[in-house]
Amino acid sequence: MSHQTGINATSELKEFLAQARGGAIRIMKIVIRDEELVLDSNRQPAQSWDKDYDHFLLPLLMPQQPCYILYRLDSQNAQGHEWIFIAWSPDQSPVRQKMVYAATRSTLKKEFGGGHIKDELFGTVEDDVCFQGYLRHRSSCSSPAPLTAAEQELQRIKVTEDKVVWDERRRIGTPTARARVTMEFGLDKRAQTLQGLAFPLQEEAKRALQQLRQKRINYIQLRLDVEKETIELVHTKPTEIHELPYRIPTDSPRYHFFIFKHSHQGQLQEALVFIYSMPGYTCSIKERMLYSSCKNRLLEEVERDYQLEVSKKMEIDSGDGLTEDFLYEEVHPMEHTLKQAFSKPRGPGGKRGNKRLIKGAGENREEI
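The rules behind these values
Residues numbered from 1 in each chain as written. Predicted model: local features only at pLDDT ≥ 70, side-chain atom pairs only at ≥ 80, totals over all residues. Heavy atoms only, no water. Helix = DSSP H or I, 4+ residues; strand = E, 2+ residues; numbered from the N terminus. Buried < 20%, exposed > 50% of the residue type's maximum accessible area, 1.4 Å probe, protein only. Contact = heavy atoms within 4.5 Å. Areas by Shrake-Rupley, 256 points an atom, 1.4 Å probe, with all protein chains shown as cover. Phe/Tyr/Trp six-rings, centres within 6.5 Å; stacked < 30°, edge-to-face > 60°. Lys NZ or Arg CZ within 6 Å of the ring centre and 35° of its normal. Pairing = 2+ DSSP bridges. Axes fitted to C-alpha atoms, helices over the stretch in contact; angles between N-to-C directions. Salt bridge = Lys/Arg side-chain N within 4 Å of Asp/Glu carboxyl O. Arc of directions from axis to C-beta. Core = buried A, V, L, I, M, F, W, Y, C linked by side-chain atoms within 4.5 Å. pLDDT = per-residue confidence, 0-100. Polar contact = N/O pair within 3.5 Å; in protein donor to acceptor, adjacent residues only side chain to side chain.

Chemist: Can you break down the overall build of the protein chain residue by residue, with the values?
Modeler: On a plain count of helices and strands, the protein chain comes out with nine helices and 13 strands. Among the 368 residues that make up the protein chain, the fraction classed as buried is 41%. Put simply, of all contacts in the protein chain between residues at least 6 apart along the chain, 64% involve residues at least 24 apart. Looking at the protein chain as shown, the accessible area adds up to about 22,200 Å², and 49% of this sits on carbon and sulfur atoms.

Put into structure tokens, the structure is as follows:
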């Protein structure tokens, strides 16, 4: 919006700004007068910048008159002394004045030199621009940056997942609910986690997956190394079904691959089960988000690069109830439940009138 109002600095102001950048001036007030930017007042340093601040600044603030104030700090950067640029626009000032000052602000900044300005303040009341107000501004600038759009989306996804978890727990009323399966995530759910994060598999983890494909092992446990952003192998201990609940950590999330050997309809079968264990809210939000986002990309890689077909994918928060019966019901869910045959309701009691049979057009009509 530079020069949008057509208001420019006078030659006297330009000359003074050049001198002020040398460090001899502590504070200067600049106003718009007769459609020009002019110097209203200035003062030289008396003490350190923090001790001069309120004593020099507050008397310059008029309750109905906007202005610009440039206040010099004691620090320097590569271009010289650092300054605070303050745009004062009190609530009681006329609307037109507020608009003119807002539109001319970039003109003054450009004239002074943006490289000298360390901080910018905008205030409508003294509390916004006083020394304590400036400290609050600095504190807010040093606070953690807000979540990115992707992080916000991941957070919304987790809230949605937790709602699904709660609804599913209330819906399930069978004994197998003791396993506290929170939700299943399939290929159709990938859109919920954006594109997912793709942490690379560490070499030992890759070798373990090759061994799993060759049936040389029957269990793999993986974890995320958050610092290195990799997927690491924890162990591949031989695991029987009764040992599986004890493989689930109670204090940290994990990914598990387990070959479930069982008998189905009189035949011995093997099913590869993927288990994502997340022990409730004892884990940090960062861990929950990373594990939730990485799981689908991991499964894609396992199925694509290692030709491992995962029969069942599940999420649990503990190993309690992770029994053979539970796994069997998950791998071979009952497709149909028996429903009571629909019976035609009985008619009203008492004597009913004669039935009447009506034939089509052109036919004789007959009463029964």
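Chemist: I'd like to hear about the packing of aromatic side chains, residue by residue, with values.
Modeler: Counting across every chain of the model gives 14 aromatic pairs. Their ring planes at 20° and their centres at 6.1 Å tell us that Y53 and Y134 sit as a pair that is stacked. Of the two residues, Y53 sits in helix 2 (residues 49–57) while Y134 sits in helix 5 (residues 131–141), which places them 81 residues apart along the sequence. Just as Y53 is buried, Y134 falls in that class too. Ring-pair connections join several aromatic residues into one group, and the members of that group are W49, Y53, Y71, F131 and Y134. Lying over the aromatic face of F112, R21 brings its terminal NZ or CZ to 5.7 Å of the ring centre. The positively charged end of R43 is found above the aromatic ring belonging to F56, 3.9 Å away from the centroid.

Chemist: How would you sum up the sheet that holds strand 11 (residues 310–316)? Please name residues and give values.
Modeler: Taken in spatial order, the five strands make up an open sheet running 8-7-9-10-11, and their pairing is mixed. Of all strands in the sheet, those bounded by a partner on one side alone are strand 8 (230–235) and strand 11. The average angle at which neighbouring strand axes cross in this sheet is 30°, direction not considered. Lying on the sheet, helix 8 (residues 285–305) is in contact with strand 7 (219–225), strand 8, strand 9 (254–264), strand 10 (267–277) and strand 11; it crosses strand 9 at an angle near 50°. Helix 9 (residues 324–331) rests against strand 9, strand 10 and strand 11 of the sheet, and its axis sits at about 85° to strand 9.

Chemist: Residues and numbers for the pattern of salt bridges, please.
Modeler: One pass over the structure, following the stated rule, counts 14 salt bridges. Between D74 and R72 there is a salt bridge; the shortest N-O distance is 3.8 Å. Classification of R72 as buried rests on a relative accessible area of 7%. In this structure, K313 engages E303 in a salt bridge whose closest nitrogen and oxygen atoms are separated by 4.0 Å. You can see K313 sitting in strand 11 and its partner E303 sitting in helix 8, a full 10 residues away along the chain.

Chemist: So what about helix 9? Which residues, and what values?
Modeler: Each turn of an α-helix holds 3.6 residues, which means side chains three or four residues apart point in the same direction. Every buried residue of helix 9 is listed here: F326, L327, E330 and V331. Mapping the buried residues of helix 9 onto a view down its axis gives an arc of 125°, with all of them on the same face. As for helix 9, its buried residues are in contact with strand 9, strand 10 and strand 11.

Chemist: Quick rundown of the nonpolar core? Include the residues and the values.
Modeler: Core analysis: the biggest nonpolar cluster contains 40 residues, and L37 and Y53 have the highest contact counts within it. Core analysis: the next-biggest nonpolar cluster, separate from the first, contains 28 residues, I259, M278, L290 and C294 among them.

Chemist: How would you explain the confidence of the model for the protein chain if you had to name every residue and give the values?
Modeler: Reading fine detail from the predicted coordinates is not recommended where pLDDT is low. Per-residue confidence for the protein chain gives a mean pLDDT of 81, with 74% of residues at or over 70. Low pLDDT, under 50, characterises residues 172–195; the stretch is placed with 54 contacts to residues that sit more than four places away or in other chains. Confidence over residues 336–343 falls short of pLDDT 50; this stretch has zero contacts with residues more than four positions distant or in other chains.

Chemist: Give me the lowdown on the side chain of D52, citing residues and values where you can.
Modeler: With respect to the helices, strands and loops of the structure, D52 is situated in helix 2. Among the polar contacts made by the side chain of D52, one reaches the main-chain amide nitrogen of Q47 at a distance of 3.0 Å. What D52 contacts, discounting residues up to four positions off in sequence, is R26, P45, A46, Q47, L57 and Y71.

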